[in-house]
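The lines below spell out each chain.
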Amino acid sequence: MAERNDPYAQYNFLIEIDDLSVAGFTEVGGLTTESDAVDYREGSDDNTIRKLPGLRKYTNITLKRGYTKNDELWQWRKTTIDGNTLRKSGAIVLLNEQRKEVMRWNFKEGWLAKWEGPSLNATTNEAAIESIEIIHEGLELGG
């Protein structure tokens, strides 16, 4: 009998960022890496252009969570605003149903490029959400 290989649930994850005690993120996006294609033609080739891998690019990681009294993310963003950008490494960790780590996306040399405070609306009863964007210089999939 073949082993069943069910997909993991997307709601079961943790965020680790160096020395920050971040928690409670409800959404993560931007776990993307791509490479530019560079056209290359050798002199001995007739009319054929070869495609070679060029520069690697990493999409900004976006994180959203319920807004709390904890201002660590704002303080990290403020280092860039003040001209003293603080780079941090971290990981997005996927957990299985038993809350055990099954996979992680590690990023390096990240800095907070955007911090967005909550939208406030007196006619709803939704949680106030803050979001951030982390620019980074590398993403690796581990498990």
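Predicted model, so just to flag it, every value in this text is computed and none were measured.

What counts and how
- Residues numbered from 1 in each chain as written.
- Predicted model: local features only at pLDDT ≥ 70, side-chain atom pairs only at ≥ 80, totals over all residues.
- Heavy atoms only, no water.
- Helix = DSSP H or I, 4+ residues; strand = E, 2+ residues; numbered from the N terminus.
- Buried < 20%, exposed > 50% of the residue type's maximum accessible area, 1.4 Å probe, protein only.
- Polar contact = N/O pair within 3.5 Å; in protein donor to acceptor, adjacent residues only side chain to side chain.
- Contact = heavy atoms within 4.5 Å.
- Core = buried A, V, L, I, M, F, W, Y, C linked by side-chain atoms within 4.5 Å.
- Phe/Tyr/Trp six-rings, centres within 6.5 Å; stacked < 30°, edge-to-face > 60°.
- Salt bridge = Lys/Arg side-chain N within 4 Å of Asp/Glu carboxyl O.

Enquirer: I would appreciate a short explanation of the environment of Asn47 in the present structure.
Expert: Its location among the elements puts Asn47 in the loop between β3 (33–40) and β4 (50–58). A sequence separation of 51 residues divides Asn47 from Gln98, and the C-alpha atoms of the two residues are 57 Å apart.

Enquirer: Would you mind going over the side chain of Thr79 with me for this structure?
Expert: As for its position among the elements, Thr79 is in helix α1 (residues 72–81). Residue classification places Thr79 among the buried residues on the basis of a relative accessible area of 19%. In this structure the side chain of Thr79 is engaged in a polar contact, spanning 3.2 Å, whose partner is the backbone nitrogen of Leu86. Leaving out residues up to four positions away in the same chain, Thr79 has contacts with Asn84, Thr85 and Leu86.

Enquirer: Please clarify how the nonpolar core should be interpreted in this entry.
Expert: Soluble, globular proteins show a tendency: their nonpolar side chains are buried together. Judged by nonpolar contacts, the single largest core of 19 residues is most densely connected at Ile15, Ile17, Leu63 and Ile134. For this core, the secondary-structure elements that each account for two or more residues are β1 (13–17), β5 (61–66), α1, β6 (88–95), β7 (101–116) and β8 (129–135). Take this core: its biggest share by element is 4 residues, from β7. With residues up to four places along the chain from it excluded, the contact list for Ile15 reads Val22, Phe25, Val28, Leu63, Ala91 and Ile92.

Enquirer: Help me understand the packing of aromatic side chains in this model?
Expert: When we look at a pair of aromatic rings, we describe it by the centre distance and by the angle of the planes. Applying the stated rule across the entire model yields 1 aromatic pair. Centroid distance Trp74 to Trp115: 5.0 Å. Interplanar angle 65°. Geometry classified as edge-to-face. With a gap of 41 residues between them, Trp74 in helix α1 and Trp115 in strand β7 connect regions that are remote in the sequence.

Enquirer: Would you explain the environment of Glu140 in this entry?
Expert: When you line up the elements, Glu140 lands in strand β9 (residues 139–142). Spatially, the C-alpha atoms of Glu140 and Lys57 are 12 Å apart, while their sequence positions differ by 83 residues.

Enquirer: What is the right way to look at the pattern of salt bridges in this model?
Expert: Side chains that carry opposite charge are capable of pairing whenever their charged atoms lie near each other. Under the counting rule described, the total for this entry stands at 8 salt bridges. Across the pair Glu130 and Arg65 runs a salt bridge, and its minimum N-O distance is 2.8 Å. Of the two residues, Glu130 sits in strand β8 while Arg65 sits in strand β5, which places them 65 residues apart along the sequence. Comparing Glu130 with Arg65, the two get one shared label, buried. Taken together, the salt bridges that share partners define one network made up of Glu16, Glu101 and Arg104.

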